[in-house]
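Residue-level listing of the chains:
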Amino acid sequence: DGGITQSPKYLFRKEGQNVTLSCEQNLNHDAMYWYRQDPGQGLRLIYYSQIVNDFQKGDIAEGYSVSREKKESFPLTVTSAQKNPTAFYLCASSRGQEGQPQHFGDGTRLSIL
Amino acid sequence: QKEVEQNSGPLSVPEGAIASLNCTYSDRGSQSFFWYRQYSGKSPELIMFIYSNGDKEDGRFTAQLNKASQYVSLLIRDSQPSDSATYLCAVTGGSSNTGKLIFGQGTTLQVKP
């Protein structure tokens, strides 16, 4: 089945620690996105990538980093500089052109220990 | 002014009634509009998209778009308790071709048996 796989489902971060969230898709989509969702809030864009080896900052990129070495993979690192990382993190992908819908993985819930 | 605005609700309707969810957006150049359903603790799921003024029907769902008024709505006919969820409106940025979506904060729908 084609889809987007995020792992782990739950993640705990210690003070001063970097953690990496995995996102893999087998939909052959060109574009991939990372969002953060806080309770009762909509989705805020962290980073996005339209093509391999290229990515752009979204609205709330500070304290996060990404890479796009393969079309299928777009991992997100939450660095120690992100002081309030507790949130639901969603990865999405699309064909990338205007008007194409985004499809989401199941999400990773990150908490501070 | 927020770019995409939704009433957070909750909107409460009895089972079998029509639920009407509304969304306004600020960018007149936006061309594509999406409705996602998000159950509590889960990731968003695409349920409708609309590109042209007027109505688009899919089963019990109807999306309505009025670009002149910068307004998009979602009607759910014969509402069922299983429709109880948060509905997110998403709009493409009018001035770019990146496939980026701007999300509203969502409207929570409660369908009471």
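For the structure itself, look to the data block above.
Here goes a summary of the coordinates provided. (Residues numbered from 1 in each chain as written. Chains lettered and ligands numbered in written order. Predicted model: local features only at pLDDT ≥ 70, side-chain atom pairs only at ≥ 80, totals over all residues. Heavy atoms only, no water.)

**Comments concerning the pattern of salt bridges**
Residues and elements named next belong to chain A.
For step 1, the next point in the chain: Inspection of the entire model under this criterion finds 6 salt bridges over all chains.
For step 2, the next point in the chain: Residue Asp-38 is joined to Arg-36 by a salt bridge in which the shortest nitrogen-to-oxygen separation is 3.0 Å.
For step 3, the next point in the chain: On the accessibility criterion, Asp-38 (16% relative accessible area) is buried. (Salt bridge = Lys/Arg side-chain N within 4 Å of Asp/Glu carboxyl O. Buried < 20%, exposed > 50% of the residue type's maximum accessible area, 1.4 Å probe, protein only.)

**Some words on the sheet that holds strand E7 (residues 64-66) of chain A**
All names here are of chain A.
For step 1, the next point in the chain: Taken together, 4 strands build an open sheet; the order of strands is E1-E3-E8-E7 and the sheet is antiparallel. Of all strands in the sheet, those bounded by a partner on one side alone are strand E1 (4-7) and E7. Each strand of the sheet is rotated relative to its neighbour by a mean of 20°, with strand direction disregarded.
For step 2, the next point in the chain: Relative to strand E3 (residues 19-25), E1 runs antiparallel, the two being bridged by 4 bridges. (Pairing = 2+ DSSP bridges. Helix = DSSP H or I, 4+ residues; strand = E, 2+ residues; numbered from the N terminus. Axes fitted to C-alpha atoms, helices over the stretch in contact; angles between N-to-C directions.)

**Describing the side chain of Arg13(A)**
All names here are of chain A.
For step 1, the next point in the chain: Topologically, Arg-13 is positioned in strand E2 (residues 10-13).
For step 2, the next point in the chain: One buried charged residue, Arg-13, forms no salt bridge at all, with the nearest opposite charge on Glu-15 at 5.7 Å.
For step 3, the next point in the chain: Here the side chain of Arg-13 touches Gln-17 through a polar contact of 3.5 Å, landing on its backbone oxygen.
For step 4, the next point in the chain: In contact with Arg-13, other than residues within four places in its own chain, are Val-19, Val-78, Thr-79, Ser-80, Gln-82, Pro-85, Leu-110, Ser-111, Ile-112 and Leu-113. (Lys, Arg positive; Asp, Glu negative; His and termini not counted. Polar contact = N/O pair within 3.5 Å; in protein donor to acceptor, adjacent residues only side chain to side chain. Contact = heavy atoms within 4.5 Å.)

**Observations regarding the sheet that holds strand E3 (residues 19-25) of chain B**
Through backbone hydrogen bonds, the strands of a sheet pair up, either in parallel or in antiparallel fashion.
All names here are of chain B.
For step 1, the next point in the chain: The sheet built from 5 strands is open, its strands ordered E1-E3-E8-E7-E6 with antiparallel pairing. The sheet terminates laterally at strand E1 (4-5) and strand E6 (54-58), the two strands that pair on one side only.
For step 2, the next point in the chain: Where E3 meets strand E8 (residues 71-76), 6 bridges bridge the pair, whose relative direction is antiparallel. Each bridged residue has a counterpart across the sheet, and for Ser-20 the counterpart in E8 is Leu-75.

**Observations concerning unusual backbone geometry**
For step 1, the next point in the chain: The omega torsion across Ser7(A) and Pro8(A) is -10°, close enough to zero to call that bond cis.
For step 2, the next point in the chain: Topologically, Pro8(A) is positioned in the loop between E1 and E2.
For step 3, the next point in the chain: Between Gly9(B) and the following residue, Pro10(B), the backbone shows a cis peptide bond with an omega angle of 10°.
For step 4, the next point in the chain: Assignment of secondary structure puts Pro10(B) in the loop between E1 and strand E2 (11-14).
For step 5, the next point in the chain: Phi angles above zero are rare outside glycine, and Asn53(A) is one such case at about 65°.

**Some details on the state of the cysteines**
For step 1, the next point in the chain: According to the stated counting rule, one finds 2 disulfides over all chains in the structure shown.
For step 2, the next point in the chain: Here Cys23(A) engages in a disulfide with Cys91(A); their sulfurs sit 1.9 Å apart. On the sign convention where negative means left-handed, the S-S torsion of about -75° between Cys23(A) and Cys91(A) marks this disulfide as left-handed. Of this pair, Cys23(A) sits in strand E3 while Cys91(A) sits in strand E9 (residues 87-94), and the two are 68 residues apart along the sequence. Judged on exposure class, the residue Cys23(A) and its partner Cys91(A) are both buried.
For step 3, the next point in the chain: Across a sulfur-sulfur distance of 2.1 Å, Cys23(B) and Cys89(B) are joined as a disulfide pair. Because the sign of the S-S torsion sets the handedness, a value of about -70° for the bond joining Cys23(B) and Cys89(B) places this disulfide among the left-handed ones. (Disulfide = S-S within 2.5 Å.)

**Details of the packing of aromatic side chains**
For step 1, the next point in the chain: Going through the model one piece at a time under the given rule, you end up with 13 aromatic pairs over all chains.
For step 2, the next point in the chain: Aromatic pair Tyr47(A) and Phe55(A): ring centres 5.9 Å apart, planes at 80°, arrangement edge-to-face.
For step 3, the next point in the chain: Overall, Tyr47(A) belongs to the buried group, its relative accessible area being 8%.
For step 4, the next point in the chain: Relative to Phe103(B), the ring of Tyr36(B) has its centre 5.7 Å away and its plane inclined at 50°; by these criteria the two rings are tilted. Residue Tyr36(B) is located in strand E4 (residues 33-38), and its partner Phe103(B) is located in strand E10 (residues 101-103); the two are separated by 67 residues in the primary sequence.
For step 5, the next point in the chain: The exposure class of Tyr36(B) is buried, given its relative accessible area of 0%.
For step 6, the next point in the chain: On the basis of relative accessibility, which here comes to 9%, the residue Phe103(B) falls in the buried class.
For step 7, the next point in the chain: Joined through ring pairs, the aromatic side chains of Tyr33(A), Tyr35(A), Tyr48(A), Phe104(A), Tyr36(B) and Phe103(B) make up one cluster. (Phe/Tyr/Trp six-rings, centres within 6.5 Å; stacked < 30°, edge-to-face > 60°.)

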